[in-house]
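# Structural description and commentary
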Amino acid sequence: MCRRDFLRNLAITSGAIAIGGSIIASCGGQSTTTVDGLAIGTPDKPIKLPITTEPIADGLASESGTLEILNWADYQNPESISIFEKQFGCKVSTSIYDTEEAAIAKLRNGTFKPDIIIGMTDTGLAKLIAADILQPLNKSYISNFGNVIEGLQSPYYDVDAQYTVPYMIYGNGIGYRTDRIDKNAFTENGYDTLWDAVHSGKLGVLDSYRDTLAMAMFRAGNFDANTTDAAIIKKAGDDLVAMREATNPKVDILAYQELSSGNRDINFTWSGDLFTALQYLPEGVSPDVLGFWYPEKTVAKNDFMCVAKGAKSPVLAHQLINFLSDTDNALLNRQYVGYQPALESITVDLLISTGTIPESLIEALVTPEKYDAGLAQVLLEPAVDSLWLEQWTAFTAG
Amino acid sequence: MKNSPRLWAGFALPGTAWLLALFAVPFYAVACVAFGTIDPIFRDATPQWNPLAWDFTQAQQVFTSLATGPLRGVAVRTILFVVCAMILCFVIGFPIAYFLARHAGKRKLLLLVLIIVPFWVNYLMRMLAWVNLLSADGLFTRFMRIFGVNYNWLDGSPITVILGLVYGYVPFLILPLYATLERLDWRLVDAARDLGANSGQAFRLVTLPMSKAGLVAAGILIALPMFGDYYTNDLLSRSPSTEMIGNQIDFFLNASTQPQNGALLVIALSMFLLLFMSFYLRSTRMQARQTAR
């Protein structure tokens, strides 16, 4: 499973656990939403996570052994890892996980014993903390932390970034072929473009019930991506059924392939997919054929890096976090991964001037401003989650 | 020799142990997930190993959905797709098996190998090859354009999914059918012809009834995996308009917060497929009786 499967599953896990409940606990002076024993932060109620163990001491020497990474497939540049190995005189070994749930289950039962975990999200963090799997970071080893987008230096899911350092950011929007669709279509019609029967058979949406139902809600003017309102959820489901009848959409996570190959004109997808799509363009096809519409109000997310509590090489783990938070290293890493590092220093101008991203994809870049304006998806209580799933089934079951 | 019945029964032990370990126990585990609970913190399925404590609330919802809710359309479509694919498999596979058994002569083995060899390639690889061939600029699509056929095969068309199923499973029909036809006593067909039956009548009144057991066995052999198939649709369509029950099982088990529903659909599908198996067992028993007479 790859990054795209991860993102799909991320949206799934976003629907996994209750936010509702509304048991407000005091935790580190912050109001925290907890349900079923799981403490989670939301943009409205950020959480300062409890510290159950001390971070490693300052000034320790790097370990000489092997650094064990747990990461998604193809979510780190092997070249970057080689450079890190040479720089720190160590070996790096990487284990792959398919879903956050499976990874957490294996971390809990000891199948995985990594030093550093990469690519988890806020929903996964709540579980990692509940399972007591992480150790707090010692920022004295992470001098590049200041490069992180300012708004993410103290994210809602981990106030003061005690356990996590952001890795990649992305937002939801519409990828399209510029040689078939005029970008003004989105200025005029916005999300309605996805309901236009002219794209029948050439249109796709994300196979992610949280993302795609939320998109239908945004189209209808409801901008709560975590709504518990049954009527709004039902309307989103009905609207998707109308889309299905008008356009016979594909429901998958293959926009990066299908837009590049020309099999599709338009696809509701994650912004990062468009950068990956560049690598899939047939020979001789200009990158300018790919475009992205980033809605004014849409979901924006990030993932992060963190250190496991039982790490054998915790210093190296901190050093890798620091390494990947360096601008040049992050740029090199991005060349392979495709997604956009969550660093303030990696600006739109920098990415365009280095020629790694065509101007037609400027919109797909998530600026700090876009991220700040982004809507967050948080966990739903099971009863509400069932309502979302019911509508998704009505859509996908045809 | 007194012990011979026990001795012969003993030969069934490895098979029985195999079935217990790789069918009965896993199926029981599926049932335990289906009628179990969800971990309140980590939201993964918590199997309930004690059947006395099984909870059937979720089962009721899923079965209601299958009968009257959103899943009904998927169930009906799955049956329709499989029936269409089976009919096409018979239409394509029977003449091939018949030719091989009756008229291939010395080239029988060679032809059989030629038919089967392409199917040694992994199913997914073959389907992915078709995705390339059927894409907008694929060889097959371009070839069909020569004849004025400009069809978007990969736009989520039920036809593509049904043809994909046929392509994927037809060799599994040909082989058992060929095995049956090859053992037929063709002298009976010759006798029918000598007694005045034309070729059509001889086929309808002699060949077909004698092939019944093979037809049923071959039909069952391809129907069972087709009912649970999800990757053909995943690779060739990915459209809700072609969603099959296997896709819903895949979704609930791997991509939703309700893995129980996936397990329940597996049970529902198994119950449905039991009907096929019952029919097959009844047919073979009747065939055995007729042969004994």
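This structure is a prediction, so every number in the text was calculated from the model and none was measured. (Residues numbered from 1 in each chain as written. Chains lettered and ligands numbered in written order. Predicted model: local features only at pLDDT ≥ 70, side-chain atom pairs only at ≥ 80, totals over all residues.)

A separate point is the overall build of chain B. The helix and strand inventory of chain B stands at 12 helices and 2 strands. Traced from its N-terminal end to its C-terminal end, chain B shows the element sequence α-β-β-α-α-α-α-α-α-α-α-α-α-α. Judged by the C-alpha coordinates and their principal axes, chain B covers about 75 × 75 × 35 Å. Buried residues in chain B amount to 30% of all 293 residues. Counted over contacts in chain B with a minimum sequence separation of 6, partners at least 24 positions apart contribute 66%. (Helix = DSSP H or I, 4+ residues; strand = E, 2+ residues; numbered from the N terminus. Buried ≥ 20, exposed ≤ 12 C-beta atoms within 10 Å, placed from the backbone. Contact = placed C-beta atoms within 7 Å.)

Right, let's talk about the confidence of the model for chain B for a bit. Residue and element names in this part refer to chain B. Residues at a pLDDT of 70 or more form 98% of chain B, whose mean pLDDT is 90. Looking over chain B, one finds the lowest element-wise mean pLDDT in helix α12 (residues 259-292), namely 86, and the highest in helix α3 (residues 70-102), namely 95. If you check the scores for this complex, the pTM reads 0.82 and the ipTM reads 0.81. (pLDDT = per-residue confidence, 0-100.)

A few words now on the domain arrangement of chain B. Interfaces are often sized by the accessible area lost when the parts come together. Residue and element names in this part refer to chain B. Per the domain assignment, the segments of chain B are domain 1 (1-55) and domain 2 (70-292). Distance between the C-alpha centres of domain 1 and domain 2: 30 Å. Between domain 1 and domain 2, the residue contacts involve 8 residues of the former and 7 residues of the latter. In terms of residue count, helix α1 (residues 4-34) provides more of the side of domain 1 that touches domain 2 than any other element does, 4 residues in total. (Domains from an automatic or database assignment.)

Before going further, it helps to examine the nonpolar core. Counting residues in hydrophobic clusters, the biggest one holds 164 residues, and the most contacted among them are Ile 116, Leu 213 and Met 305 of chain A together with Ala 85 and Leu 177 of chain B. Each residue touching Ile 116 of chain A, except ones within four places of it in the same chain, is listed here: Leu 67, Ile 69, Met 305, Val 307, Ala 308, Ala 317, Leu 320 and Ile 321 of chain A. (Core = buried A, V, L, I, M, F, W, Y, C linked by C-beta atoms within 7 Å.)

What follows is about the pairing of strand β11 (residues 266-270) of chain A. All names here are of chain A. For β11, the tally of buried residues reaches 5 of 5 residues, placing the bulk of the element in the interior. Judged from the 5 bridges that link them, strand β8 (residues 164-177) and β11 form a sheet pairing that is antiparallel. Considered in β11, the bridge of Gly 173 is made with Thr 269. Bridge count between strand β9 (residues 203-206) and β11: 2 bridges; the pairing is parallel. Looking at β11, one finds that Leu 203 is bridged to Ile 266. (Pairing = 2+ DSSP bridges.)

With that settled, consider the domain arrangement of chain A. All names here are of chain A. Examined at the domain level, chain A breaks down into domain 1 (3-169 + 300-373) and domain 2 (171-299 + 382-391). Each of domain 1 and domain 2 has a C-alpha centre, and the two are 27 Å apart. With 23 residues of domain 1 in contact, the opposing surface of domain 2 contributes 31 residues. When residues of the side of domain 1 that touches domain 2 are assigned to their parent elements, the largest contribution, 6 residues, is made by helix α1 (residues 3-14). The residue makeup of the side of domain 1 that touches domain 2, split by class, is 11 nonpolar, 6 polar and 6 charged. (Nonpolar A, V, L, I, M, F, W, Y, C, P; charged D, E, K, R; others polar.)

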